[in-house]
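# A closer look at the structure
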Amino acid sequence: MKKNANGKQGGLRRTVGWLMVWGVCAASAAENRPNIVLMMADDLGWGDVHCFNPKSPIQTPQLDAMAAAGVRFDRFYSSSPVCSPTRGSCLTGRHPFRYGVYFANRGHMKPEELTLAELLRQQGYATGHFGKWHLGTLTTQIQDANRGKPGNTKEFSPPWKNGFEVCFSTESKVPTWDPMLKPFKDGHSGWDFIADKSTAVPYGTHYWNEKGEVVSDNLEGDDSRVIMDRVVPFIEAAAKSDRPFFAVVWFHAPHLPVVAGPEYAAMYPGVPDFQKNYYGCVTALDEQVGRLRAVLKAAGVAENTMVWFGSDNGPEGNAKSPGTAASFRGRKRSLYEGGVRVSGLLDWPARVKPGTVTDFPAVTSDYLPTILDALQVEYAGERPLDGISLLPVLAGRQTERSKPIGFESAGQVAWTTQRFKLYSKNGGKNWELYDLLADPSEKNNVAAEHPEQVAEMAKQLAAWRASCKQSDRGGDY
């Protein structure tokens, strides 16, 4: 088969892949198809959101309202403790080690992978990506962000090559206020917004549209608002045309460099500047969550729209960042709970009772199976998925997870069941075992007390890792 100019497989192989791997149930009812919004913060700690941690000093009234209106997942996991891999899991239903996105800025979305955007577009959905992409570069022509540069075709995999019709996307991080400008930093006390724009210099990143063009207008102020300014007309246009829509809204906040505008920083008097910026940045994001939900109501589509919210991993949570995982052990980059247990919310009035709280273990890989189940689109092939449909959980028919959640990142591995978590920081040596129901903070390693449990879980984990390696070698394609 011929390859395109970037050395990637062309559209024919992908089309054949759809026909071979995916089928539609006869019972599919198009008129009941839900709209879907996947919102995700960047490096937001489980303990940063007030509805999860009442001790949080951060004002998050809109996320709190969303939790009260829908489902709060008290055990929701990102598939990775860093951003790029988790993002891919949201779109594929698969662990990132299956398709070669092993860490941040490593790997890219392969053309052979089937994304939610591609699958939903085949079902007639309008598809849009807004915010951080981080699953490949967005240009081969100019210097951009972390990896984009002239001639780098190997890692070129923008959202518009992965099923998204409308895009307002960056390759990776940007400042959370005036996103195209390098913020002022005073020593180690954090960043501040630039009051005098005549002194500003470019940050070195760009927003790109679906045509592969640099966007140059409406890029000042709060970055979460800048993103939502593009989401709103996308949703309004789809609703007006009675077309179901799939919107991926991946905020940059509160990833470093974290900057809050003066009105948001002023909401937190009496705290150090770094905290003011972090807290204010999260509150600004929270405001846009409320804006989106209000737009859905005004457009008359809120009832049957699945609105998800989460984070791509745990917080930095150290001297470099005020974010917190509350009582959970670890932080970003760790497979302890603090690195992967994140704030999970779902608002879906048509199918979810207000004020629902669940401790069912869910993960970002569950998005795809859940959404396909809601559409009555059946997985008809042998390509392994790591997620499960959460519809039985939402309906109250399932209370325990039978399929464990596997993790692997930077030498660490973990295998999580309803009760236990098997963990190793060196790829399967020196096992640690935690009873997450009795000890969610992972203070007591009980491996010595449960040798048979360790042996069985280690065996299951080894089989899962072998399956991932087979996928990564191209065995699924």
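Residues numbered from 1 in each chain as written. Predicted model: local features only at pLDDT ≥ 70, side-chain atom pairs only at ≥ 80, totals over all residues. Heavy atoms only, no water.

## Considerations on the nonpolar core
Counting 61 residues, the largest nonpolar core has Met 39, Phe 245, Val 249, Leu 292 and Phe 309 as the members making the most contacts within it. Those elements that provide at least two residues to this core are strand E2 (35–41), helix H2 (61–69), strand E4 (126–132), helix H5 (223–240), strand E10 (245–250), helix H6 (262–265), helix H7 (273–298) and strand E11 (305–311). For this core, the element with the most residues is H7, which contributes eleven residues. Apart from residues lying up to four places away in sequence, Met 39 is in contact with Met 66, Val 249, Phe 251, Val 289, Leu 292, Val 307, Trp 308, Phe 309 and Gly 310. In terms of nonpolar packing, the next biggest core, distinct from the first, is built from 49 residues, Leu 114, Tyr 125, Ala 362 and Leu 394 among them. (Core = buried A, V, L, I, M, F, W, Y, C linked by side-chain atoms within 4.5 Å. Buried < 20%, exposed > 50% of the residue type's maximum accessible area, 1.4 Å probe, protein only. Helix = DSSP H or I, 4+ residues; strand = E, 2+ residues; numbered from the N terminus. Contact = heavy atoms within 4.5 Å.)

## Some remarks on the sheet that holds strand E18 (residues 420–424)
Across the sheet, four strands lie side by side as E16-E17-E18-E19; this open sheet has antiparallel pairing. Of all the strands in the sheet, the pair left with one neighbour each is strand E16 (405–409) and strand E19 (432–435). Recorded for the sheet is a direction-independent mean angle of 15 degrees between the axes of neighbouring strands. Pairing analysis gives four bridges linking E18 to E19, with the strands arranged antiparallel. (Pairing = 2+ DSSP bridges. Axes fitted to C-alpha atoms, helices over the stretch in contact; angles between N-to-C directions.)

## With respect to the packing of aromatic side chains
Summed over the entire model, instances satisfying the criterion amount to 21 aromatic pairs. Between Trp 46 and Phe 328, the aromatic rings sit 5.0 Å apart at their centres with planes inclined by 85 degrees, giving edge-to-face as the arrangement. Here Trp 46, found in the loop between E2 and H2, pairs with Phe 328, found in the loop between E11 and helix H8 (337–340); they are 282 residues apart in sequence, far enough to count as distant. With respect to burial, Trp 46 and Phe 328 carry one shared label: buried. (Phe/Tyr/Trp six-rings, centres within 6.5 Å; stacked < 30°, edge-to-face > 60°.)

## Description of the packing of H5 against H7
Their axes nearest at 10 Å, the elements H5 and H7 cross at an angle of 10 degrees. Judged by the angle between their axes, H5 and H7 are roughly parallel. Contact with H5, carried on its side by Ser 224, Arg 225, Met 228, Asp 229, Val 231, Val 232, Ile 235 and Glu 236, involves Ala 284, Leu 285, Gln 288, Arg 291, Leu 292, Val 295 and Leu 296 of H7 and no other residues of that element. For the contact of H5 with H7, a count of residues per class yields nine nonpolar, two polar and four charged. (Parallel < 35°, antiparallel > 145°, perpendicular 65-115°, else oblique. Nonpolar A, V, L, I, M, F, W, Y, C, P; charged D, E, K, R; others polar.)

## Quick notes on helix H9 (residues 367–375)
Taking burial as the measure, the nine residues of H9 include eight buried ones, the bulk of the element. Here H9 has its buried residues at Tyr 367, Leu 368, Pro 369, Thr 370, Ile 371, Leu 372, Ala 374 and Leu 375. Remark: Gln 376 follows H9 within two positions and exhibits a positive phi of approximately 60 degrees.

## Thoughts on the pairing of strand E12 (residues 341–347)
Counted residue by residue, E12 has seven buried out of seven residues, so it is predominantly covered. Where strand E3 (residues 71–77) meets E12, five bridges bridge the pair, whose relative direction is antiparallel. Within E12, the residue paired with Val 71 across the bridge is Leu 346. Across three bridges, the pairing between E11 and E12 is antiparallel. Note on E12: the bridge partner recorded for Trp 308 is Leu 346.

## Description of the state of the cysteines
Scanning the model with the defined rule gives zero disulfides in all. No disulfide involves Cys 167; its nearest neighbouring cysteine sulfur is the one of Cys 90, lying 16 Å away. Among the residues examined, Cys 167 registers a relative accessible area of 4% and is labelled buried. This cysteine, Cys 468, is not joined by any disulfide, and Cys 90 carries the nearest cysteine sulfur, 16 Å off. Judged by relative accessible area, Cys 468 falls into the buried class, the value being 4%. (Disulfide = S-S within 2.5 Å.)

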